[in-house]
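Architecture at a glance
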Amino acid sequence: MTYSFRTGDPSDALACAKIIRDWGDESPWLDPLDDLQTLAAFWRGVFEKDLVWVAEENGVIVGFCVREDEFICGLYVDREARCCGVGRRLLDLAKFDRDWIIVWAYEANMRARKFYRREGLVEICRELEKDTNLMNVEHRWTRSK
């Protein structure tokens, strides 16, 4: 499989929201997500102000990463594109011009947490998210000097 990577924009929000919805559907520990249009509208607003990178296969978005300053506020990869280097490449794009980054992942999201550890991020702290009652884990990556 050949993937291409580019800067994303607000017009990509619906395709990215579909990836998030699919992830939500396969995460039984997560409460149901908003409907697709509401989710897309939220991410469209995020994409208008933050840096976005998307991964595509044959013109179809299969993953994306959003970074606000040093904070990754979303990194999602379609199930079919996982374990193919897509997440690593998106994370590398987010790290490229930073000395450090932070990303949060729910404790129950073992696949994401394992990925972040493998990519050199370390757990910093944990916080109970009041709205969801889920434990959220902060991970940090620091560029080697």
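Presented here is a report on the structure given in the accompanying data block. (Residues numbered from 1 in each chain as written. Predicted model: local features only at pLDDT ≥ 70, side-chain atom pairs only at ≥ 80, totals over all residues. Heavy atoms only, no water.)

1. Digging into the pattern of salt bridges
Keep this limit in mind: Between Lys or Arg on one side and Asp or Glu on the other, a salt bridge is scored when a side-chain nitrogen of the former is within 4 Å of a carboxyl oxygen of the latter. Only DSSP runs of H or I with at least four residues qualify as helices, and only runs of E with at least two residues qualify as strands; both kinds are numbered from the N terminus onward. Burial status follows relative accessibility: with a 1.4 Å probe on protein chains alone, a residue under 20% of its type maximum counts as buried, one over 50% as exposed, and anything between as partly exposed.
Overall, the coordinates contain 16 salt bridges when judged by the stated rule. One salt bridge in this structure joins Arg79 and Glu26, with 2.8 Å as the shortest N-O distance. A residue pair is termed long-range when its members are at least 10 positions apart, and Arg79 in the loop between strand S4 (71–77) and helix H3 (86–95) and Glu26 in the loop between helix H1 (13–25) and helix H2 (36–49) qualify at 53 residues. Residue Arg79 is classed as exposed on the basis of its relative accessible area of 52%. Taking the shortest distance from any N to any O, the salt bridge between Lys95 and Asp92 comes out at 3.8 Å. Of the two residues, Lys95 and Asp92 both sit in helix H3, three residues apart, roughly one turn of that helix. Take Asp92: its relative accessible area is 32%, and that puts it in the partly exposed class.

2. Thoughts on the sheet that holds strand S7 (residues 134–142)
Convention followed: Two strands make a pair as long as DSSP finds a minimum of two bridges between them. In this analysis, axes come from line fits to C-alpha atoms, helices being fitted only over the stretch in contact, and the angle between any two N-to-C directions falls in the range 0 to 180 degrees.
Ordered in space as S1-S2-S3-S4-S5-S7-S6, the seven strands form an open sheet in which the pairing is mixed. The open sheet has two edge strands, strand S1 (4–7) and strand S6 (122–129), and neither has a second partner. Averaged over all neighbouring strand pairs, the angle between strand axes comes to 25 degrees, with direction disregarded. Sheet topology note: the strand S2 (residues 51–57)/strand S3 (residues 60–68) ladder contains seven bridges and is antiparallel. Looking across to S3, one finds that Val54 is bridged to Phe64.

3. Some thoughts on the nonpolar core
What counts here: For our purposes a nonpolar core is just a set of buried Ala, Val, Leu, Ile, Met, Phe, Trp, Tyr and Cys residues, chained together by side-chain atoms within 4.5 Å. Whether two residues are in contact is decided by their heavy atoms: any pair within 4.5 Å suffices.
Formed by 22 residues in total, the largest nonpolar core has its most connected members in Cys65, Ile72, Leu75, Val86, Leu90, Leu91 and Tyr116. Secondary structure elements with two or more residues in this core: S2, S3, S4, H3, strand S5 (100–106) and helix H4 (110–118). Per-element accounting of this core gives the leading share, five residues, to H3. Leave out the neighbours within four places in its chain, and Tyr116 touches Leu75, Val103, Ala105, Leu121 and His139.

4. Overview of unusual backbone geometry
The backbone of Asp69 sits at a positive phi, close to 55 degrees, despite the residue not being glycine. The backbone phi angle of Asn133 is positive, close to 60 degrees, even though this residue is not glycine. Tracing the sequence through the fold places Asn133 in the loop between S6 and S7. The class of Asn133 is exposed, set by a relative accessible area of 56%.

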